[in-house]
Amino acid sequence: GARSQGGRRLWPAQLSVGLLHRFLGFVERLGEHPHKVSTWHGRLFPMRAWTCSGQRAHPLFVEHPDSRRSSVNLAMSLTWSGWLKAVRRCEEARRELTPKAGSSPAAQEAA
């Protein structure tokens, strides 16, 4: 069942190879351009590549889950080079988890 935390319902997740595979793909897609992840609203928003001051935008903005601190970026220490490295590692890991052609139906379904 769901648990309540701060008025929101949290559902347990069944950890599986398929879930990890989808999460790694999600991170790969985030690497294409800057995004904001709203933990409060459970949504993902694309961001502009450049700030109003002409600076390159931060690669990832993860909103603090406390609504009073939602302007705080939990990923603020992340650099573009570190982010791109993390995205590449996710690509490599997802490739390793992807079932090879001719593998068992159970392996293919897990991913």
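Preceding this section is the structure that the text describes.
For clarity, every value in this text was computed on a predicted model and none was experimentally measured.

Participant: Requested: an account of the overall build of the chain, with residues and values cited.
Facilitator: For the chain, the helix and strand inventory stands at three helices and five strands. Here the analysis covers contacts within the chain between residues at least 6 apart in sequence; of these, 39% occur between residues at least 24 apart. For the chain, the accessible surface area stands at approximately 8100 Å², while carbon and sulfur atoms represent 57% of it.

Participant: Provide a residue-level description of the packing of helix H1 (residues 17-30) against helix H2 (residues 80-97), including the pertinent values.
Facilitator: Angle between the axes and distance between the axes: these two values describe a pair of packed helices. For the pair H1 and H2, the least separation of the axes is 9 Å and the interaxial angle reads 145 degrees. Where H1 crosses over H2, the handedness of that crossing is left-handed. Contact residues: Val17, Leu20, His21, Leu24, Gly25, Val27, Glu28 and Leu30 in H1; Trp83, Val87, Cys90, Glu91, Ala93, Arg94 and Leu97 in H2. Class assignment of the residues belonging to the contact of H1 with H2 gives a composition of 10 nonpolar, two polar and three charged.

Participant: Would you mind going over H2 in detail, with residue names and values included?
Facilitator: With 18 residues, H2 extends 26 Å from end C-alpha to end C-alpha; this agrees with the ideal 26 Å at 1.5 Å per step. Next to the buried residues of H2 lie H1 and strand E5 (60-62).

Participant: Which residues make up H1, and what are the values?
Facilitator: Taking 1.5 Å per residue as the helical rise, H1 with its 14 residues ought to reach 20 Å, and the 20 Å between its terminal C-alpha atoms agrees with that figure. Buried residues of H1: Gly18, His21, Leu24, Gly25, Val27, Glu28 and Leu30, and no others.

Participant: Before we move on, can you summarise the pairing of strand E3 (residues 35-38) with the specific residues and values?
Facilitator: Of the pairings in the sheet, the one linking E3 to strand E4 (residues 43-46) comprises four bridges and is antiparallel in character. What sits directly across from histidine 35, in E4, is proline 46. Taking the residues between adjacent antiparallel strands as the criterion, E3 and E4 are bridged by four residues, where glycine 42 takes a positive phi near 65 degrees. Examined bridge by bridge, E3 and E5 share three bridges and lie parallel to one another. Residue pairing for E5: histidine 35 is matched across the bridge by leucine 60.

Participant: Break down the environment of tryptophan 83 for me, citing the residues and quoting the values.
Facilitator: Here tryptophan 83 lies in helix H2. A sequence separation of 24 residues divides tryptophan 83 from proline 59, and the C-alpha atoms of the two residues are 7.0 Å apart. If we ignore the near neighbours within four places in the chain, the residues touching tryptophan 83 are Val27, Leu30, Gly31, Pro59, Leu60 and Leu78.

Participant: Which residues make up the sheet that holds E5, and what are the values?
Facilitator: Sheet architecture is open: three strands sit in the order E4-E3-E5, paired in mixed fashion. Among the strands making up the open sheet, the edge pair consists of E4 and E5. In this sheet, adjacent strand axes meet at a mean angle of 15 degrees when their direction is disregarded.

Participant: Explain the nonpolar core to me, and be specific about the residues and the numbers.
Facilitator: It is characteristic of soluble globular proteins that their nonpolar side chains tend to be buried jointly. Listed in full, the 11 residues of the largest apolar core are Leu24, Val27, Leu30, Val37, Leu60, Val62, Ala75, Trp80, Trp83, Val87 and Cys90. Counting residues per element, the ones that place at least two in this core are H1, E5 and H2. The element best represented in this core is H2, accounting for four residues.

Rules used in this analysis
Residues numbered from 1 in each chain as written. Predicted model: local features only at pLDDT ≥ 70, side-chain atom pairs only at ≥ 80, totals over all residues. Heavy atoms only, no water. Helix = DSSP H or I, 4+ residues; strand = E, 2+ residues; numbered from the N terminus. Contact = heavy atoms within 4.5 Å. Areas by Shrake-Rupley, 256 points an atom, 1.4 Å probe, with all protein chains shown as cover. Axes fitted to C-alpha atoms, helices over the stretch in contact; angles between N-to-C directions. Left-handed = near helix turned anticlockwise from the far one by under 90°. Nonpolar A, V, L, I, M, F, W, Y, C, P; charged D, E, K, R; others polar. Expected span 1.5 Å × (residues − 1). Buried < 20%, exposed > 50% of the residue type's maximum accessible area, 1.4 Å probe, protein only. Pairing = 2+ DSSP bridges. Core = buried A, V, L, I, M, F, W, Y, C linked by side-chain atoms within 4.5 Å.

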